[in-house]
Amino acid sequence: MVNKRETAGAGDLARYARQTSFEPLGEVGQRRLLAARVTLVGCGALGSVLAETLVRAGVGHLRIIDRDVVTLDNLQRQGLFDEDDVAAETPKAEAAAHKLSRINSTVSIDPIVADFRPSNAEQLCGAADLILDGTDNLATRFLINDVAVKNRVPWVFGACVAAEGRALAIIPGETACLRCIWRDPPPAGGTPTAETVGVLGAIVRVVAGFQAGEALKLLTGQQSAVNRNLLEVDLWQGQFHAIDVQLARAAGDCPCCQRGEYDFLTATRA
Ligand SMILES: [Zn+2]
């Protein structure tokens, strides 16, 4: 099957003029982006920013997985939704696809209203060039990590709570994975969540912006430019830290990326 995006003419690139003028990306990078396939797991706060940024940038295909419907308390930070979506109780994946198709009708968008779980994770991520983390819980992130490392698909982790956030790009076989850094997710109730301490829309934009930047590098074949450090931000204190996590990989005892044990995918763990 011919993908018209791979044979896009110069006229088709006009809408991306301010992006192709950015020398590290250029027309070559733009054409790669137009042919790229991304799976976004979770379309809440981070997911809204990630989806909008990539669709405006001209990613070829975006699959959006989210099981929830839009609620009133989402609107403070989830930028793709509005009060009509709340009234209609529209599933987030479908509301997002509707908005995104009006922003850039040339992007193929595939909304999936489903729970992302061990039994469907690999099938839902199949053929993706990149997986993006728009989830709100650590257990799902460990599942994404298993799928990504097993299938050698890059992914970009992101998380925020209160006014703080973290983000990390992961290239399986090359950079530290999530389990190199944290062996296990904390027990349920063991860490603050948006429900317990809130979350500001401003930190969401910072973290998702960093994730989207790493995504653009990965999708345009510029792995050498990918940030190897774990970003930690406290927006209220005005602090940004880049933490070197490659030593964690160098230790060589990661159950996931070193020993090939995909515990969350095989669901042998709680
Ligand atoms: Zn690892």
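Everything that follows concerns the structure shown earlier in this document.
Quantities reported herein were computed from a predicted structural model and do not represent experimental measurements.

S.K.: Sorry if this is basic, but what is going on with the coordination of the zinc ion here?
M.R.: Working reference: metal with six octahedral donors, ideal angles 90 or 180 degrees; metal with four tetrahedral donors, ideal angle 109.5 degrees. Around the zinc ion, the protein contributes the donor atoms Cys177 (SG), Cys180 (SG), Cys254 (SG) and Cys257 (SG), which lie 2.3 Å from the metal centre. The motif formed by the donor residues of the zinc ion, counted along the single chain, is C-x2-C-x73-C-x2-C. On the criterion of sequence distance, the pair formed by Cys177 in the loop between strand S6 (164-170) and helix H8 (178-181) and Cys257 in the segment after helix H11 (246-250) is long-range, its members being 80 residues apart. With relative accessibility at 23%, the residue Cys257 sits in the partly exposed group.

S.K.: How should I be thinking about the nonpolar core in this particular structure?
M.R.: In globular proteins that are soluble, nonpolar side chains generally tend to be buried together. Core analysis: the largest hydrophobic core is formed by 47 residues, its most contacted members being Leu62, Ile64, Leu100 and Leu132. Of all the secondary-structure elements, those providing two or more residues to this core are strand S1 (37-41), helix H3 (45-57), strand S2 (61-65), helix H5 (92-103), strand S4 (130-133), S6, helix H10 (201-219) and strand S7 (229-234). Considering each element in turn, this core owes the most residues, 10 residues, to H10. Counting residues in hydrophobic clusters, the runner-up holds 31 residues, among them Ala114, Phe116, Phe142 and Cys180.

S.K.: Please clarify how the packing of H3 against H10 should be interpreted in this entry.
M.R.: For any two helices packed against each other, one specifies the inter-axial angle together with the distance between the axes. Where H3 contacts H10, the axes come no closer than 9 Å and their chain directions differ by 40 degrees. The angle between H3 and H10 falls in the class oblique. The handedness of the crossing between H3 and H10 is right-handed. Counting all contacts with H3, which are made through Ala45, Leu46, Val49, Leu50, Thr53, Leu54 and Ala57, the residues of H10 involved are Val204, Arg205, Val207, Ala208, Gln211, Ala212, Ala215, Leu216 and Leu219. Partitioning the contact of H3 with H10 into residue classes produces 13 nonpolar, 2 polar and 1 charged.

How each quantity is defined
- Residues numbered from 1 in each chain as written.
- Predicted model: local features only at pLDDT ≥ 70, side-chain atom pairs only at ≥ 80, totals over all residues.
- Heavy atoms only, no water.
- Donors = N, O, S within 2.8 Å, 3.2 Å for Na, K, Ca; no water.
- Helix = DSSP H or I, 4+ residues; strand = E, 2+ residues; numbered from the N terminus.
- Buried < 20%, exposed > 50% of the residue type's maximum accessible area, 1.4 Å probe, protein only.
- Core = buried A, V, L, I, M, F, W, Y, C linked by side-chain atoms within 4.5 Å.
- Axes fitted to C-alpha atoms, helices over the stretch in contact; angles between N-to-C directions.
- Parallel < 35°, antiparallel > 145°, perpendicular 65-115°, else oblique.
- Left-handed = near helix turned anticlockwise from the far one by under 90°.
- Contact = heavy atoms within 4.5 Å.
- Nonpolar A, V, L, I, M, F, W, Y, C, P; charged D, E, K, R; others polar.

Distances and angles like these do not, on their own, reveal function.
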